[in-house]
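Structural overview
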Amino acid sequence: MTSSASNSTRGSGRAPARRSEATRTAILAAARERFAADGYERATIRAIAKDARIDPSMVMRYFGSKEGLFAAAVTLDLRLPDLTQVPRDEVGRALVTHFLRLWEENEELTAMLRVGVTDQTAAERLQGVFRDQLMPVARQACPDPEQVPARAGLCAAQVLGVALTRYVLRLPPVVALHHEEVVAWVGPTIQRYLTAPSP
């Protein structure tokens, strides 16, 4: 009898946990789509809740505020490669190859770029992602530690520019380029930013 009651209690504990995680996942999915479509300012908790088919109070319960929801929805890992494992004259090509794959596999990153073009909050979030994750990678290849911020910033400008024209604005000549062509054109530029002597 005791065992049965105990099993029942454990079972009932698991079910709410599963429902809780499912609700959180639904809110985040709806938020990512809504932020991408409307931007940070125009997206509302009510609209996100409607998309997730839940009450707006549930969104606030899980994330506290729209800002908290946005921060949770756009937590991004660039999964950058360890450049110490890449031949020095190949780091530019390696990074461009990585970013092309990342942009095409990660819808959150594309959505963040789309929102960041017009929304300051999203822009600051994207700045933080690239600053915190690209700088350590640039430091592995940069010949002068004092130039790491500038070189990492130039790399970010280059890959973000390609992503903006290829995946957001969809500029036809850029979209038409094969991966190998993008790597061949942009790789040497990233290589120069990271490893060339200071001009």
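Conventions adopted
- Position numbers for residues count from 1 along each chain, tracking the sequence in the order it is written.
- This being a predicted model, a pLDDT of at least 70 is required before a residue's local features are given, and a value of 80 or more before pairs of side-chain atoms are given or counted; all residues contribute to the totals for chains, interfaces and linings.
- With hydrogens and water set aside, each side-chain value is computed from the structure's full complement of heavy atoms.
- We count a stretch as a helix when DSSP gives it H or I for four or more residues in a row; a strand needs E for two or more, and each element gets its number in order from the N terminus.
- Here a residue-residue contact requires only that any non-hydrogen atoms of the pair lie within 4.5 Å.
- What we call a nonpolar core is a set of buried Ala, Val, Leu, Ile, Met, Phe, Trp, Tyr and Cys residues that are connected through their side-chain atoms within 4.5 Å.
- The classification of residues rests on relative accessible area computed with a 1.4 Å probe and restricted to protein chains. Under 20% of the type maximum is buried, over 50% is exposed, and intermediate values are partly exposed.
- Just to be clear on terms, a salt bridge is a Lys or Arg side-chain nitrogen sitting within 4 Å of an Asp or Glu carboxyl oxygen.
- In this description, a disulfide is simply a cysteine sulfur pair whose atoms lie within 2.5 Å.

Note that Arg 79 resides in the loop between α4 (66-73) and α5 (91-105). Among all residues touching Arg 79, those that are not within four sequence positions of it are His 98, Leu 102, Glu 105, Asn 106 and Gln 133.

Quick look at the nonpolar core now. In this structure, Leu 69, Phe 130, Ile 190 and Leu 194 are the most contacted members of the largest nonpolar core, which totals 56 residues. For this core, the element with the most residues is helix α7 (residues 120-141), which contributes nine residues. Phe 130 has contacts with Leu 78, Phe 99, Trp 103, Met 135, Ala 156, Val 159 and Leu 160, leaving out every residue within four places of it along the chain.

Turning next to the pattern of salt bridges. With the rule as written, the count across this model stands at five salt bridges. Where Arg 34 meets Asp 38, a salt bridge forms, and the shortest distance between an N and an O atom there is 3.0 Å. Taken as a pair, Arg 34 and Asp 38 lie in helix α1 (residues 2-42) at a separation of four residues, close to a single helical turn. Across the pair Asp 51 and Arg 34 runs a salt bridge, and its minimum N-O distance is 2.7 Å. Taken together, the residues Asp 51 in helix α2 (residues 45-52) and Arg 34 in helix α1 connect sequence positions 17 residues apart. Taking relative accessible area as the criterion, Asp 51 reaches 37% and is therefore assigned partly exposed. Linked by salt bridges that have partners in common, Arg 34, Asp 38 and Asp 51 make up one network.

This next bit is on unusual backbone geometry. We note that Arg 53 has phi near 60 degrees; this positive angle belongs to a residue other than glycine. Its location among the elements puts Arg 53 in the loop between α2 and α3 (56-63). Overall, Arg 53 belongs to the exposed group, its relative accessible area being 78%.

Tallied over the full model, the rule gives zero disulfides. In this model Cys 142 remains outside any disulfide bridge; the closest cysteine sulfur is found in Cys 155, 9.3 Å from its own. With relative accessibility at 11%, the residue Cys 142 sits in the buried group. Looking at Cys 155, the relative accessible area reads 3%, which means it is buried.

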